[in-house]
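Read off the chains here:
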Amino acid sequence: MRIAVTGSIATDHLMAYPGRFADQLIEGRLDKVSLSFLADDLEVRRGGVAANIAFGLGSLGLRPILVGAAGIDFAEYRAWLEAAGVDTDSVRISESRHTARFVCTTDTDQNQIATFYAGAMSEARELTLAPIAERVGGLDLVVIAPNDPEAMVRHTDECRTLGLSFAADPSQQLARLDRAEARRLVEGADLLFTNEYEAALLQQLSGWTERQVLDQVGTWVTTRGADGVVIARSDSTPVTVPAVPTDHVADPTGVGDAFRAGFLTGLSRSWPMPRAARLGCALATEALKTIGTQEYRITAAELIGRTDDTVVSA
Ligand SMILES: Nc1ncnc2c1ncn2[C@@H]1O[C@H](COP(=O)(O)OP(=O)(O)OP(=O)(O)O)[C@@H](O)[C@H]1O
Ligand SMILES: [Mg+2]
């Protein structure tokens, strides 16, 4: 199964300031802020939703096609993804902008000052799927994950025009969509991914009831954190799949992306959806146990072997 994953490619630059921001902010002088904090720790983490999902798919033995825009600084990240089995030949490299970057400094009170630079990501709208499908000999599924909003709409429209199966995964970008856009990203999707919060937000934004959303899509997969996953279809009773519990929660960032990678790997093996969701939950827990979104190390055969088809019905 050839899966193209469209969406953001980014790095997180996380710094720790061993003091309190509040001590530097002087009341009455906030109209001319010029502050510099001496951080004593910097961690650079590879991320971006599409890169995270593609990394997970590659780690499970697939060769996903990453579709997104990055900057000239992408070389090292590209090598990392290729080593994980990701096809990066369809990543567009911007001539003038750097790869999207999240820069965040945290103080000893856990207050944060952060900036997200979208950079090259805005050029994702220039990408078209048809030549990519041609290069790889056809696409069986296109994942439309958070990205430059215009790119998300364009990729979705192109899937409909070309008759390509697609998975709508608007996640954190939902918040900035209007009604027409929210509907446009979901209509005709084979798969829809949300977490519980996004499920409610999608209904509010689209003005569609749960039933009406289900009528628009093949299958709606909603992740519920430690409570696992619900798989719903308009023609059958929803099925609940439990999460894989762990006592070692290190970092919840990127668990949703890991779930998607495991779930899609299961589908690529023609497994029934509940079993695919078990693999998704297993990979999500691996991500939960490690700091960073692409730091887990798994043996694909071992993780796949551990996945049985235990199902608890809702
Ligand atoms: N505390 C937990 N224990 C076990 N599994 C968890 C836990 N939290 C999340 N998971 C797993 O990760 C999956 C996705 O989690 P969740 O619903 O929190 O996604 P999310 O809110 O989209 O996360 P994010 O966007 O931060 O990656 C869950 O379905 C579950 O399998
Ligand atoms: Mg999420």
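Figured I'd write up the structure that's included with this text.

Criteria and cut-off values
Residues numbered from 1 in each chain as written. Chains lettered and ligands numbered in written order. Predicted model: local features only at pLDDT ≥ 70, side-chain atom pairs only at ≥ 80, totals over all residues. Heavy atoms only, no water. Helix = DSSP H or I, 4+ residues; strand = E, 2+ residues; numbered from the N terminus. Buried < 20%, exposed > 50% of the residue type's maximum accessible area, 1.4 Å probe, protein only. Contact = heavy atoms within 4.5 Å. Phe/Tyr/Trp six-rings, centres within 6.5 Å; stacked < 30°, edge-to-face > 60°. Lys NZ or Arg CZ within 6 Å of the ring centre and 35° of its normal. Near = heavy atom within 4 Å. Polar contact = N/O pair within 3.5 Å; in protein donor to acceptor, adjacent residues only side chain to side chain. Areas by Shrake-Rupley, 256 points an atom, 1.4 Å probe, with all protein chains shown as cover. Salt bridge = Lys/Arg side-chain N within 4 Å of Asp/Glu carboxyl O. Arc of directions from axis to C-beta. Expected span 1.5 Å × (residues − 1). Patch = residues over 30% accessible without salt bridge, like charges linked within 9 Å, V, L, I, M, F, W, Y side chains within 5 Å.

**Points about the environment of Ile113**
You can see Ile113 is positioned in strand E8 (residues 112-117). Exposure remark for Ile113: the relative accessible area of 44% places this residue in the partly exposed category. Along the chain, Ile113 and Gly56 lie 57 residues apart, while their C-alpha atoms are 30 Å from each other. With sequence-adjacent residues up to four places away left out, Ile113 is seen in contact with Phe21, Phe37, Val103, Cys104 and Thr105.

**What to know about the packing of aromatic side chains**
Tallied over the full model, the rule gives eight aromatic pairs. When the ring of Tyr17 is compared with that of Phe21, the centres are 5.7 Å apart and the planes differ by 5°; the resulting orientation is stacked. For Phe21, a relative accessible area of 4% corresponds to the buried category. Summarising the aromatic geometry, the rings of Phe55 and Tyr296 are spaced 5.4 Å apart at their centres and angled 70° between planes, so their arrangement reads as edge-to-face. One end of the pair, Phe55, is in helix H1 (residues 49-59); the other, Tyr296, is in the loop between helix H9 (273-288) and helix H10 (300-306), and 241 residues separate them in sequence. Summarising the burial analysis for this pair, Phe55 and Tyr296 share the class buried. Among the aromatic residues, those joined into a ring-pair cluster are Tyr17, Phe21 and Phe37. Positioned over the ring face of Trp80 is Arg46, at 3.9 Å from the centre of the ring. In this arrangement the basic side chain of Arg275 is found over the ring face of Trp271, its NZ or CZ atom lying 4.0 Å from the centre.

**Digging into the site of ligand 1**
In the neighbourhood of ligand 1, 17 residues make up the surrounding shell, with Asn195, Thr223, Gly225, Gly228 and Gly256 lying closest. At 2.7 Å from an oxygen atom of ligand 1 is found a side-chain nitrogen or oxygen belonging to Thr223. Residue Gly254 places a main-chain N or O atom 3.4 Å away from an oxygen atom belonging to ligand 1. The fraction of the free accessible surface of ligand 1 (630 Å²) that becomes covered by protein chains is 77%. Elements represented by at least two residues in the shell around ligand 1 include exactly helix H8 (255-268) and H9.

**A look at the pattern of salt bridges**
Applying the stated criterion across every chain, the model contains 20 salt bridges. Where Asp251 meets Arg45, a salt bridge forms, and the shortest distance between an N and an O atom there is 3.9 Å. In this pair, Asp251 sits in the loop between strand E14 (236-241) and H8 while Arg45 sits in strand E3 (residues 41-47), placing the two residues 206 residues apart along the sequence. Several salt bridges share partner residues, and in doing so they unite Arg125, Asp148, Glu150 and Arg154 into one network.

**Let's talk about helix H6 (residues 196-206)**
Among all positions of H6, only Glu198, Ala199, Leu201, Leu202, Leu205 and Ser206 are buried. An end-on view of H6 places all buried positions within 170° of arc, on one side of the element. Opposite the buried face of H6, by more than 90 degrees, sit the exposed residues Tyr197 and Gln204. Packed against the buried residues of H6 are helix H5 (179-186), strand E11 (191-195), helix H7 (210-216) and strand E12 (219-223). Where H6 starts, the residue carrying a side-chain oxygen 3.2 Å from the main-chain nitrogen of Tyr197 turns out to be Asn195. Count one or two residues on from H6 and you reach Gly207, which has phi positive near 75°.

**Re H9**
In this model, H9 (16 residues) spans 22 Å end to end at C-alpha, consistent with the 22 Å of a helix rising 1.5 Å per residue. Counted residue by residue, H9 has 14 buried out of 16 residues, so it is predominantly covered.

**What about a nonpolar patch on the surface?**
A contiguous nonpolar patch, built from Leu25, Leu30, Val33 and Leu35 and spanning about 350 Å² of accessible area, is present on the exposed surface. Here Leu25 falls in the partly exposed class, since its relative accessible area comes to 42%.

Nothing here speaks to function; it is all geometry.
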